[in-house]
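# Per-entry structural report
The chain contents come next:
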Amino acid sequence: MPPSLHPIISRHVAVIGAGAAGLVAARELGREGHRVVVFEREDQVGGTWVYTPKIESDPLGVDPGRVVVHQSLYQSLRTNLPREVMGFRDYPFVGRGKESGRDQRRFPGHGEVLAYLKDFAMEYGIDGLVRFDTEVEHVGLVEGGKWKVRSKKRGEIGVDEIYDAVVVCNGHFTEPRIAEIPGINAWPGKQMHSHNYRVPEPFRDQVVVLIGSAASAVDISRDIARVAREVHVASRSVADGAIRKQPGYDNMWLHSMIKSVHEDGSVFFQDESVIFADVILHCTGYKFHFPFLETNGIVTVDDNRVGPLYKHVFPPALAPWLSFVGLPWKVVPFPMCELQSKWIAGLLSDRLILPSEEEMMEDVNAFYSDLEASGQPKRYTHNLGHPKFDYDDWLAIQCGCSVTEEWRKEMYAAISKRKRLQPETYRDDWDDDHLILQAHEDFVKYLPNI
């Protein structure tokens, strides 16, 4: 939509979460002249990139009375995107030099990503906007279209405050999604979700069945295979009857999905193979979860579809006063969150204009119809695996920004291909140095001393 001719207006905005999405939302809102408060339940910025060895009291993560741990990182995690692609568009994620003691690798460990986010927060003065150790207990509409936010700092009583708008950036790596397995209630082994996986040692000499085929499943299966007796990976991407050994491993097999499990400890796969396992590890993703949010039924989560949302950000009936940053997955998250945040900030100041509520709902319903016609399950609503850069470029055009750099698109494609062909070595062996050079030529605009 074209920019508005109205004077720019400053709003009082609550941002929920100080991970990557919340940090860049705070920066963009501040740049637009809004007054921002960021609520963060932990004692530091970084969100999901803060590592803790702690795990939940229920390793499967389904007991509502469990002690909840909000972090999901495993100790060995390295990024599956190169730092050039991964970083914010105007704050490049470059190495800090060997003398800094930081992780110099192109695909660094999680600690380097956290350090980058902390650098970002310090660079833009975001730390001063964050209320640490503060849980948001309730967000709800009040008279005049404003929002009441009830928050509680650890050890203190709750406080109610009124805001013009709320931006939800609380992430989606806390509430585990569990595979449904016939016979599981009688199966005697141990179950856990990857949310509570940290190190491989507890699986030493055990037979482990791992469900899933996404990035974390690939990493964790290889991590565990170093110590386990056997690892059996069950995946929808493996055809029935196609059991095979994982190349490069003597103790890892790929199967189709689990057919059933039994009280003698056996696990039957759809490929007709049978094994006796000690552990089933669910690397099956997460559910979107907004326990604090009350919209009187306007926004719901149905089979992991948060909706109705215009362009994965705004509920049409509440736009632009309620928004979500970072919901889409199979994306390059930091630049996407940056563009979503620019769009939100410009709309809240009246510098940009949304379509009417009716037009937004028409767009949402057409999108849902297209998904259904293509056979996509509802739970894949926010999966932007293929159109990720088209989506980013649409956002950029709305904001009057430049679209995604060609080198970033080409680098992503090159790394994705290499990951498929060389899953064990793609992080340390690559052939796109010409694209790295292009990226660094671009980065000079932002970091003259690179």
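In short, a report on the structure. Computed from a prediction, not measured in an experiment: that's the story for all the values here.

The grouping of Phe 268, Val 274 and Phe 276 at the surface amounts to a nonpolar patch, some 270 Å² of accessible area in total. Note that Phe 276 resides in strand E16 (residues 274–276). We classify Phe 276 as exposed; its relative accessible area is 51%.

This brings us to unusual backbone geometry. Geometrically, the link from Gly 307 to Pro 308 is a cis peptide bond, its omega value of -5 degrees lying close to zero. As for its placement among the helices and strands, Pro 308 is situated in the loop between strand E21 (305–307) and strand E22 (322–324). In the Ramachandran plot, Glu 272 falls in the positive-phi region, its phi being about 75 degrees despite a non-glycine side chain. Tracing the backbone through its elements, the reader meets Glu 272 in the loop between strand E15 (266–269) and E16. The backbone phi angle of Lys 330 is positive, close to 60 degrees, even though this residue is not glycine.

A word on the side chain of Glu 40. Position of Glu 40 relative to the elements: it lies in the loop between strand E2 (35–39) and helix H2 (83–86). One buried charged residue, Glu 40, forms no salt bridge at all, with the nearest opposite charge on Arg 41 at 5.7 Å. Not counting residues up to four positions away in its chain, the partners in contact with Glu 40 are Gly 17, Ala 18, Gly 19, Val 130, Arg 131, Phe 132, Asp 133 and Thr 134.

The next subject is the pairing of strand E10 (residues 207–211). The buried fraction of E10 amounts to five of the five residues, a majority that puts the element mostly inside the structure. Neither face of E10 is open: one carries Val 207, Val 209 and Ile 211, the other Val 208 and Leu 210, and all of them are buried. Examined bridge by bridge, E10 and strand E11 (residues 230–234) share five bridges and lie parallel to one another. Across the sheet, Val 208 pairs through a bridge with Val 231, a residue of E11. Handedness of the crossover joining E10 and E11 through helix H4 (residues 215–225): right-handed. In this sheet, strand E17 (residues 279–282) lies alongside E10 in parallel orientation, the contact comprising four bridges. Bridge pairing in E17 places Leu 210 opposite Leu 281.

Let us look at the pattern of salt bridges. Within the structure shown, the criterion is met by 37 salt bridges. Salt-bridge contacts for Asp 119 lead to Arg 96; the nearest nitrogen and oxygen are separated by 3.3 Å. One end of the pair, Asp 119, is in helix H3 (residues 110–123); the other, Arg 96, is in the loop between H2 and H3, with 23 residues separating them in the sequence. One connected set of salt bridges, linked through shared partners, spans Arg 27, Glu 28, Arg 31, Asp 90, Glu 338 and Lys 342.

Another aspect to go through is the sheet that holds E22. Ordered in space as E3-E2-E1-E7-E22, the five strands form an open sheet in which the pairing is parallel. Edge positions in the sheet fall to strand E3 (130–131) and E22, since each of these pairs with one other strand and no more. In this structure, E2 lies alongside E3, joined through two bridges in parallel fashion. Across the sheet, Val 38 pairs through a bridge with Val 130, a residue of E3.

Moving on, we get to helix H6 (residues 357–373). The terminal C-alpha atoms of H6, which comprises 17 residues, lie 24 Å apart, in line with the 24 Å expected from a rise of 1.5 Å per residue. Inspection of H6 places Met 360, Val 364, Tyr 368 and Leu 371 among the buried residues, and these make up the whole buried set. With its buried residues spanning 70 degrees around the axis, H6 presents them on a single face. Opposite its buried face, H6 presents the exposed residues Glu 358, Glu 362, Asp 370 and Ala 373, each directed more than 90 degrees away. Looking at the buried side of H6, the elements it contacts are E21. Phi for Gly 375, located one or two positions after H6, is positive at around 80 degrees.

Pairing is mixed across the open sheet formed by four strands, whose spatial order is E6-E5-E4-E19. The outermost strands of the open sheet, each flanked by one partner alone, are strand E6 (159–163) and strand E19 (293–294). The pairing of strand E5 (residues 147–153) with E6 spans five bridges and is classified as antiparallel. Its bridge partner lying in E6, Lys 148 is registered against Ile 162.

Okay, the packing of aromatic side chains next. We describe a pair of aromatic rings using the distance from one ring centre to the other and the angle between the two ring planes. Counted by the stated rule, this structure contains 24 aromatic pairs. Plain terms: the ring middles of Tyr 310 and Trp 343 are 6.0 Å apart, the flat faces sit at 50 degrees to each other, and that makes the pair tilted. A residue pair is termed long-range when its members are at least 10 positions apart, and Tyr 310 in the loop between E21 and E22 and Trp 343 in helix H5 (residues 333–348) qualify at 33 residues. Taking the relative accessible area as the measure of exposure, Tyr 310 reaches 6% and is therefore buried.

This part covers helix H7 (residues 388–399). Taking 1.5 Å of rise per residue, the 12 residues of H7 would be expected to cover 16 Å, and the 17 Å separating its terminal C-alpha atoms lies within 8% of that figure. Within H7, nine of the 12 residues are buried, which leaves it mostly tucked inside the rest of the structure. Lys 388, Phe 389, Tyr 391, Asp 392, Asp 393, Leu 395, Ala 396, Gln 398 and Cys 399 are the residues of H7 that are buried. Those residues of H7 that are buried lie in contact with H5 and helix H8 (406–421). Phi turns positive, to about 75 degrees, at Gly 400, one or two residues after H7.

With that settled, consider the pairing of strand E13 (residues 252–255). Taken together, the four bridges between E11 and E13 define a ladder with parallel strand orientation. Along E13, the bridge assignment pairs Val 233 with Leu 254. Pairing analysis gives two bridges linking strand E12 (residues 244–245) to E13, with the strands arranged antiparallel. The residue of E13 that forms the bridge with Lys 245 is Trp 253. Counted along the chain from E12 to the antiparallel partner E13, the turn is six residues long, and its residue Gly 248 has a positive phi close to 90 degrees.

The rules behind the values
- Residues numbered from 1 in each chain as written.
- Predicted model: local features only at pLDDT ≥ 70, side-chain atom pairs only at ≥ 80, totals over all residues.
- Heavy atoms only, no water.
- Patch = residues over 30% accessible without salt bridge, like charges linked within 9 Å, V, L, I, M, F, W, Y side chains within 5 Å.
- Areas by Shrake-Rupley, 256 points an atom, 1.4 Å probe, with all protein chains shown as cover.
- Salt bridge = Lys/Arg side-chain N within 4 Å of Asp/Glu carboxyl O.
- Helix = DSSP H or I, 4+ residues; strand = E, 2+ residues; numbered from the N terminus.
- Buried < 20%, exposed > 50% of the residue type's maximum accessible area, 1.4 Å probe, protein only.
- Lys, Arg positive; Asp, Glu negative; His and termini not counted.
- Contact = heavy atoms within 4.5 Å.
- Pairing = 2+ DSSP bridges.
- Right-handed = clockwise from strand over helix to strand, strands pointing away.
- Expected span 1.5 Å × (residues − 1).
- Arc of directions from axis to C-beta.
- Phe/Tyr/Trp six-rings, centres within 6.5 Å; stacked < 30°, edge-to-face > 60°.

Interpretation in functional terms is not warranted from these geometric data alone.
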